[in-house]
Protein chains: 4
Amino acid sequence: MTMAEATVFEALESNVRGYCRSWPTVFDTARGAWLTDQNGKDYLDFFAGAGTLNYGHNNPVLKQALIDYLVGDGITHGLDMSTVAKARLLETIRDLLLVPRGFDYKVQFPGPTGANAVEAALKLARKVTGRTTVLNFTNAFHGMSLGALSVTGNAAKRAGAGVPLVHATPMPYDGFMDEAEDFSWMRRALDDSSSGLDKPAAVIVETVQGEGGVNVARAEWLRHLAELCSARGILLIVDDVQMGCGRTGPFFSFEIAGITPDIVTLSKSIGGYGLPMALVLMRRELDQWAPGEHNGTFRGNNAAFITAEVALRHYWSDQRLEASTLAKGAHIHDHLTALTESFAGLSTRGRGLVQGLVFADASQATKVCRVAFEHGLLVETSGSYDEVVKLLPPLTVTEDEITHGLGILTRAVEIVRDGH
Amino acid sequence: MTMAEATVFEALESNVRGYCRSWPTVFDTARGAWLTDQNGKDYLDFFAGAGTLNYGHNNPVLKQALIDYLVGDGITHGLDMSTVAKARLLETIRDLLLVPRGFDYKVQFPGPTGANAVEAALKLARKVTGRTTVLNFTNAFHGMSLGALSVTGNAAKRAGAGVPLVHATPMPYDGFMDEAEDFSWMRRALDDSSSGLDKPAAVIVETVQGEGGVNVARAEWLRHLAELCSARGILLIVDDVQMGCGRTGPFFSFEIAGITPDIVTLSKSIGGYGLPMALVLMRRELDQWAPGEHNGTFRGNNAAFITAEVALRHYWSDQRLEASTLAKGAHIHDHLTALTESFAGLSTRGRGLVQGLVFADASQATKVCRVAFEHGLLVETSGSYDEVVKLLPPLTVTEDEITHGLGILTRAVEIVRDGH
Amino acid sequence: MTMAEATVFEALESNVRGYCRSWPTVFDTARGAWLTDQNGKDYLDFFAGAGTLNYGHNNPVLKQALIDYLVGDGITHGLDMSTVAKARLLETIRDLLLVPRGFDYKVQFPGPTGANAVEAALKLARKVTGRTTVLNFTNAFHGMSLGALSVTGNAAKRAGAGVPLVHATPMPYDGFMDEAEDFSWMRRALDDSSSGLDKPAAVIVETVQGEGGVNVARAEWLRHLAELCSARGILLIVDDVQMGCGRTGPFFSFEIAGITPDIVTLSKSIGGYGLPMALVLMRRELDQWAPGEHNGTFRGNNAAFITAEVALRHYWSDQRLEASTLAKGAHIHDHLTALTESFAGLSTRGRGLVQGLVFADASQATKVCRVAFEHGLLVETSGSYDEVVKLLPPLTVTEDEITHGLGILTRAVEIVRDGH
Amino acid sequence: MTMAEATVFEALESNVRGYCRSWPTVFDTARGAWLTDQNGKDYLDFFAGAGTLNYGHNNPVLKQALIDYLVGDGITHGLDMSTVAKARLLETIRDLLLVPRGFDYKVQFPGPTGANAVEAALKLARKVTGRTTVLNFTNAFHGMSLGALSVTGNAAKRAGAGVPLVHATPMPYDGFMDEAEDFSWMRRALDDSSSGLDKPAAVIVETVQGEGGVNVARAEWLRHLAELCSARGILLIVDDVQMGCGRTGPFFSFEIAGITPDIVTLSKSIGGYGLPMALVLMRRELDQWAPGEHNGTFRGNNAAFITAEVALRHYWSDQRLEASTLAKGAHIHDHLTALTESFAGLSTRGRGLVQGLVFADASQATKVCRVAFEHGLLVETSGSYDEVVKLLPPLTVTEDEITHGLGILTRAVEIVRDGH
């Protein structure tokens with residue numbers, strides 16, 4: 001390919017574009033944990049499509065299956081028709097995800113994005129319960145369409161709605177209150193009939209808040225939440241769009257707590273290859289949808305069904321990926337902990353392969369990302385004040401690549417903190 | 001492949017599934033205007049992914065480009081990073097779509113669905129104007145997420161929201177009132193400061209309502225609408241998700257009226273190959289987004305950028321596709337008109353390659369579709385009462401295929417109407 | 001009394017004050033159709049407290065009863081306790097208003113204002129039907145609290161809400177569309193399940209829109225409306241706050257159409273003496289309120305119950321008031337008609353003792369009111385553009401007073417139109 | 001008067017009636033702290049019109065002024081015209097309420113109920129700030145119209161709205177969390193831009209929650225709240241409808257905390273005689289109303305202006321009423337405290353002449369009220385579970401009457417608790 005004009009983005013693409021501002025180059029190809037720009041410069045990717053590329057860029061196993069499918073003129077676009085590819089995927093979900101965990105979920109194919117899965121989940125919860133209010137958590141991120149945005153925390157993104165966002169009430173996430181017991185307010189508000197909090201249809205929660213700043217909910221907090229909901233007939237929705245598909249170790253991030261949510265949303269890495277796809281899992285008795293009640297054009301991205309199925313079969317037929325994720329996460333965690341001991345004003349938190357380096361001086365986090373980019377590492381900030389450098393490498397990253405990336409990160413911290 | 005178990009859908013997939021109920025088989029492969037099920041039976045596809053497959057299934061020109069890109073490890077998933085594939089697509093949009101028509105639009109890549117494009121368009125219109133109300137039209141269909149659903153007409157789909165849908169007020173679409181002048185109410189309501197209609201941010205309209213029953217807005221009605229909006233500082237959003245990309249003849253369906261909408265949404269066939277992708281075009285001065293104000297994971301489905309670019313270059317570098325679409329549309333229209341002359345209680349309407357056969361007895365339309373399916377033709381109903389058989393073949397369908405499909409349709413009408 | 005400082009209003013009273021700007025003096029006493037300011041200047045009152053003083057200021061019959069009650073230490077403030085005064089009033093309502101007309105209404109005492117009666121009516125309609133949407137009409141006025149404001153037309157007043165006003169959709173009032181048949185849009189929108197108009201709980205309507213510009217709904221239009229609602233299970237609420245209590249002739253303004261609304265709101269003149277009081281009448285089977293579900297402190301203004309009862313007994317035991325109202329209305333109408341024949345750009349409309357003089361040049365209406373004030377007549381404008389001089393004298397006004405007031409009005413028109 | 005038919009209420013009055021169920025008799029006359037039913041039985045009134053009759057029933061000083069005014073044909077109903085009576089009242093408010101306390105408030109006359117004052121206050125706060133969200137508190141009560149109801153806590157009353165109540169978020173009131181520091185959640189939620197809590201226009205608070213269960217906010221809590229609001233540019237609205245006019249001792253209940261709210265609502269006892277009237281006080285610079293932007297028929301209940309003025313002059317020209325209120329409150333408090341020491345499962349709380357007796361077994365509170373009624377004492381329950389017997393005697397009650405009433409109350413507790 002000839003060189004693309006970088007200026008076309010400035011001239012023609014909307015100001016809304018974002019990541020391209022953090023990483024000002026024009027990318028061309030990618031493989032595994034590496035991106036290459038059109039000048040041939042390589043970048044180690046510790047962002048992985050915001051958690052969409054858990055199996056790496058253009059994973060060769062998935063790639064071959066995808067190309068074979070395309071070559072064979074398999075159905076590419078299938079609306080919600082029954083297809084061979086979908087049947088295979090459903091069987092694989094049943095055999096590898098549901099049955100082994102004792103889950104009796106029905107599977108919905110909503111539009112192919114996390115936001116759409118969240119919209120579907122909220123609609124279903126409201127329909128089933130006949131209630132309108134949903135409880136969400138501080139620093140939550142669930143998407144940009146109107147329903148998903150109403151349960152998202154970020155003020156700037158909320159303001160983009162252009163209408164007041166209603167029917168959602170935020171509650172403090174684990175750790176938000178700097179106290180051991182974070183449910184005192186929520187429980188009292190739910191149980192006093194004059195609290196002014198209308199009985200909610202559902203609670204929606206992420207087990208680790210990626211966009212919100214790598215905030216990690218403890219297993220006991222999640223269990224407590226599940227019990228609160230269950231005892232009051234409130235549906236528990238776990239939004240596992242970013243933390244599911246093994247990001248924190250087990251396939252479902254909530255497995256650590258031993259809970260069974262009423263509804264689960266999946267997207268990002270579920271398709272395996274970075275192709276748009278999303279799922280909603282719901283307890284069988286909650287599947288009260290009427291046919292076509294929530295539809296959409298791209299619910300049948302069969303190319304993604306193929307890569308989804310192969311990814312599940314290749315990576316989730318045994319425990320190896322989970323074990324390696326936890327080991328790699330520990331590797332990163334140990335390194336970051338050491339960093340926090342070397343530099344004041346740093347702390348770290350995370351679970352599995354989502355790890356955060358938190359800067360007391362938020363502006364330093366952005367600077368670290370910029371320096372890291374210049375040195376060939378892609379990392380991004382998150383959190384209310386962009387105060388957290390978030391590490392989200394592919395789960396298939398090698399130990400050497402981790403070591404390489406952490407070296408660049410350490411160098412970037414040194415440059416930002418020490419000026420050299 | 002071995003035979004897929006059809007029962008897995010019943011056992012595992014949510015009741016919300018829809019098209020698979022109309023076409024009860026398991027599809028496997030597809031090419032051009034044809035789908036083949038796992039038993040080897042062929043079906044002529046006059047639905048084309050609800051307008052997503054204007055260039056046919058697995059179009060060989062696009063397929064080759066896609067496979068080449070995959071083989072070469074081109075960026076598959078790119079968030080909103082700048083990529084070579086995106087630069088090429090933007091240049092192509094500029095050179096083939098915008099410059100020749102004198103349009104000065106900026107291009108936004110929202111999430112990869114029509115609903116997401118609509119959500120983005122509504123948010124932008126509200127943000128830019130500082131107003132909340134949007135006018136939509138009777139029988140409109142714009143999507144299932146909360147913002148898009150609020151401007152959608154269908155009562156059953158609206159009820160799925162589980163919350164009251166607000167900030168939108170419906171107005172009569174062209175022809176809804178059986179009168180020549182349909183804007184009398186809208187104009188009076190806008191111009192009387194005590195009408196109770198809050199001044200709207202925008203009007204959102206489809207030029208032909210596909211889901212709504214193949215309702216066709218006249219060019220002069222669209223011009224009148226554009227003038228009404230322009231004179232009052234109300235933004236005009238044309239939702240060209242289904243009717244754009246040449247479905248009605250010209251690339252943009254509103255070209256027939258000579259108008260320039262303030263905002264245009266595109267999805268479905270814009271990606272060319274049925275891969276999820278969407279665009280929002282907005283007048284340059286309306287691009288008041290802050291960076292990241294409307295984001296989302298799957299805005300950078302670069303595989304779709306490749307097929308989008310190739311589709312534009314291959315089909316829209318000259319007038320041939322537009323001309324053939326109009327000719328094929330005339331072919332179908334003539335045939336349907338003859339049908340309406342043979343059978344009482346039938347009428348027809350459409351534009352280009354979206355054509356409808358309307359049954360005074362709505363139940364017959366569903367029966368016709370079922371019989372057509374049994375005879376190897378995929379068509380679907382639309383309209384408030386499912387009273388319209390909608391014909392939406394790929395634009396690349398051949399004249400012979402059209403003749404074949406119309407033959408099956410005619411036979412199905414005969415069977416339903418005459419009982420044999 | 002000594003002279004009050006006029007400046008205290010400027011210094012201390014909120015800018016929201018309104019009528020005092022139109023009539024810039026300090027009033028002191030009042031009797032019948034006359035107000036006297038603290039300088040001893042008399043003003044003939046053709047506004048009557050915006051229809052609150054149908055029986056005149058300090059009507060001596062009511063006054064004596066009120067003073068007797070106060071002297072006897074009758075319950076003044078009674079919440080919603082059962083009192084002798086309330087029992088008497090209920091019996092009187094039953095005997096004089098309900099039984100003779102064959103109405104089987106239950107009676108609710110909401111807070112003592114028209115807005116509160118409307119809020120109660122809307123809540124009840126939504127509760128009973130389980131629906132949220134209410135249809136209102138262009139140029140409607142129903143009050144300033146959030147629920148009542150949402151069904152009010154005036155844009156400036158709506159903007160005061162500070163939140164988007166939702167759950168209401170305006171429809172064209174009789175005459176709004178300059179066409180004979182005004183229900184074509186409403187009927188089509190209600191009957192097409194894909195119109196985007198959610199099935200409403202209720203329609204709320206005034207039979208004559210006082211604030212809206214003395215817009216008069218024809219009896220056949222009201223009948224048509226009642227039939228539309230009845231056939232579709234939509235509740236019909238007649239807001240008779242301003243037009244009830246005999247303003248248009250019969251006690252209930254809707255009697256002219258022979259309809260029986262599901263819910264009726266009354267306030268303004270129901271208390272007789274200008275004391276705050278309101279009622280909601282509802283068909284017996286609609287009385288699905290739980291005890292205390294809509295409460296409020298001032299539901300038991302027993303002083304008003306006394307004057308209400310006496311007013312009903314004194315004025316509504318026979319047909320004389322109705323007859324005299326119609327005669328006086330005809331007197332005014334004839335005079336205004338003559339005026340419209342003398343001056344171009346004038347027209348007139350009204351019913352009973354609500355009559356409007358409409359100016360094609362809206363600014364003249366305000367000028368006429370100002371000149372009339374200077375000449376000792378209180379009249380006010382109404383309508384979207386304040387283009388209507390509204391005449392709303394007490395029903396007890398004498399023919400001589402009418403003649404006197406019309407003389408001043410005519411003089412004011414001459415001065416404004418001819419400059420002398 | 002002859003005996004009123006008690007059955008008319010059952011037959012004709014809506015089921016929504018409430019207090020008449022607790023006190024099943026037909027009241028006729030009243031004087032001071034006593035009500036008399038039509039059988040001649042006397043009841044000592046420790047409810048005082050839910051705080052509306054702070055100066056007692058038919059207070060002779062006010063009564064004489066009212067009768068004089070009526071006899072003299074003073075303006076009774078004045079819309080918002082300037083009148084002598086209003087000027088006098090404004091001057092009195094200025095001289096006795098504002099200037100001595102250093103308050104620079106403008107005065108708005110909204111519709112004559114507390115709910116209307118709250119609606120006006122919320123509208124103004126939203127208009128001035130351009131924000132929509134309001135924070136309210138658990139167990140709050142602010143009224144039944146849609147805007148006021150949205151900030152009210154009680155679930156049953158909220159459900160009556162028939163639409164989701166939005167734009168308000170509840171926060172824990174002082175003591176709700178059984179912790180010393182109740183603002184931790186509110187402060188964190190306000191200060192984290194990703195908390196999901198949109199920046200509020202205002203906070204609305206009662207200093208003592210009468211309906212909510214006689215919950216008493218400490219002075220330091222109120223000061224803390226005022227500081228939180230002030231530091232963040234959030235308006236503080238004190239709803240002093242029930243606790244103002246001396247109920248807790250000082251005229252404004254918030255004087256105890258030394259704070260100056262941005263907006264204050266007054267109603268109930270402000271009119272003095274139980275006549276409907278309400279006020280909104282707002283800091284001068286917040287008076288950004290446009291003329292007529294919030295109007296209403298009964299804003300000029302001039303009869304109430306007369307009794308309001310006389311009440312202020314008679315009772316608030318010196319400190320005696322405040323002192324006696326505190327002394328009487330202490331009397332009651334001591335007695336209730338003694339009761340709680342005699343009976344397990346009782347506790348007491350209150351301020352000035354609003355005192356509550358709290359029953360651990362909520363059902364006993366209702367029984368105590370019923371027995372008290374039978375013995376000639378009117379008291380009512382409040383609180384989420386009706387677990388609090390609320391004592392709200394007129395401020396003009398005598399020490400002997402207090403002793404008498406407490407005797408009945410004690411007897412009722414004994415009967416309910418000991419069975420004799």
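Since the model is a prediction, treat every value here as computed from it, not as a measurement.

A.B. asks: Even after reading the chapter, I still don't get the environment of Thr-169 of chain B, so can you show me in this structure?
C.D. replies: Among the structural elements, Thr-169 of chain B can be located in strand E6 (residues 168-171). In the structure, Thr-169 of chain B is positioned 79 residues away from Leu-90 of chain B in sequence and 35 Å away in space, judged by C-alpha atoms. Excluding its chain neighbours within four sequence positions, the residues that come into contact with Thr-169 of chain B are Thr-133, Val-134, Leu-135, Asn-136 and Leu-197 of chain B together with Thr-169 of chain C.

A.B. asks: For this particular structure, what's the right way to read the domain arrangement of chain A?
C.D. replies: Frequently, the measure chosen for interface size is the accessible area that the parts lose on association. Residues and elements named next belong to chain A. Domain boundaries assigned for chain A yield domain 1 (8-58 + 320-418) and domain 2 (74-316). Look at where the C-alpha atoms of domain 1 and domain 2 centre, and you get two points 25 Å apart. Contacts between the two partners involve 31 residues from domain 1, matched on the other side by 31 residues from domain 2. By the criterion of area lost to domain 2, the three top residues of domain 1 are Thr-52, Tyr-55 and Arg-351, representing 32% of everything that side buries. Put simply, domain 1 and domain 2 have one salt bridge between them.

A.B. asks: I'm lost on the relation of the copies chain A and chain B in this one. Help?
C.D. replies: The two chain copies are connected by a rotation around an axis plus a translation along it. At an RMSD of 0.0 Å, chain A and chain B line up after a rotation of 180 degrees and a shift of 0.0 Å along the axis. Read as a symmetry element, the transformation amounts to a two-fold axis. Across chain A, the smallest distance between a C-alpha and the rotation axis is recorded for Leu-146 of chain A, namely 2.7 Å. Comparing contact sets, 100% of the residues at the interface of chain A also lie at the interface in chain B, consistent with an isologous, same-surface contact.

A.B. asks: Looking at this structure, how should I read the sheet that holds strand E13 (residues 346-351) of chain B?
C.D. replies: Two pairing modes exist for strands in a sheet, parallel and antiparallel, and in both the strands are linked by backbone hydrogen bonds. Residues and elements named next belong to chain B. Taken together, four strands build an open sheet; the order of strands is E13-E14-E17-E16 and the sheet is antiparallel. A strand with exactly one partner marks an edge of an open sheet, and here the two such strands are E13 and strand E16 (380-382). The mean inter-strand angle of the sheet, taken between neighbouring strand axes irrespective of direction, is 30 degrees. Two strands pair when backbone bridges link them, and strand E14 (residues 354-359) and strand E17 (residues 388-391) are joined in this way by four bridges, in the antiparallel orientation. Residue Leu-357 lies in a different strand from E17, and its bridge partner there is Val-389. Sitting on the sheet, helix H12 (residues 320-342) touches E13, E14 and E17, and the angle it makes with E14 is about 10 degrees.

A.B. asks: How should the packing of helix H4 (residues 60-71) of chain C against helix H4 (residues 60-71) of chain D be read in this particular structure?
C.D. replies: When two helices pack together, their arrangement is given by the angle between their axes and by how far apart the axes lie. Following both chains from N to C, one finds H4 of chain C and H4 of chain D inclined at 165 degrees, their axes separated by 11 Å at the closest point. In this view, H4 of chain C runs roughly antiparallel relative to H4 of chain D, as classed from their interaxial angle. Considering the relative orientation of H4 of chain C and H4 of chain D, their crossing is left-handed. Residues Lys-63, Leu-66, Ile-67, Leu-70 and Val-71 of chain C of H4 of chain C form the contact with H4 of chain D, whose participating residues are Lys-63, Leu-66, Ile-67, Leu-70 and Val-71 of chain D. Of the residues in the contact of H4 of chain C with H4 of chain D, the class split is eight nonpolar, no polar and two charged.

Calculation rules
Residues numbered from 1 in each chain as written. Chains lettered and ligands numbered in written order. Predicted model: local features only at pLDDT ≥ 70, side-chain atom pairs only at ≥ 80, totals over all residues. Heavy atoms only, no water. Helix = DSSP H or I, 4+ residues; strand = E, 2+ residues; numbered from the N terminus. Contact = heavy atoms within 4.5 Å. Domains from an automatic or database assignment. Buried area = accessible area lost by both parts, 1.4 Å probe. Salt bridge = Lys/Arg side-chain N within 4 Å of Asp/Glu carboxyl O. Least-squares fit on C-alpha atoms with pLDDT ≥ 70 in both. Pairing = 2+ DSSP bridges. Axes fitted to C-alpha atoms, helices over the stretch in contact; angles between N-to-C directions. Parallel < 35°, antiparallel > 145°, perpendicular 65-115°, else oblique. Left-handed = near helix turned anticlockwise from the far one by under 90°. Nonpolar A, V, L, I, M, F, W, Y, C, P; charged D, E, K, R; others polar.

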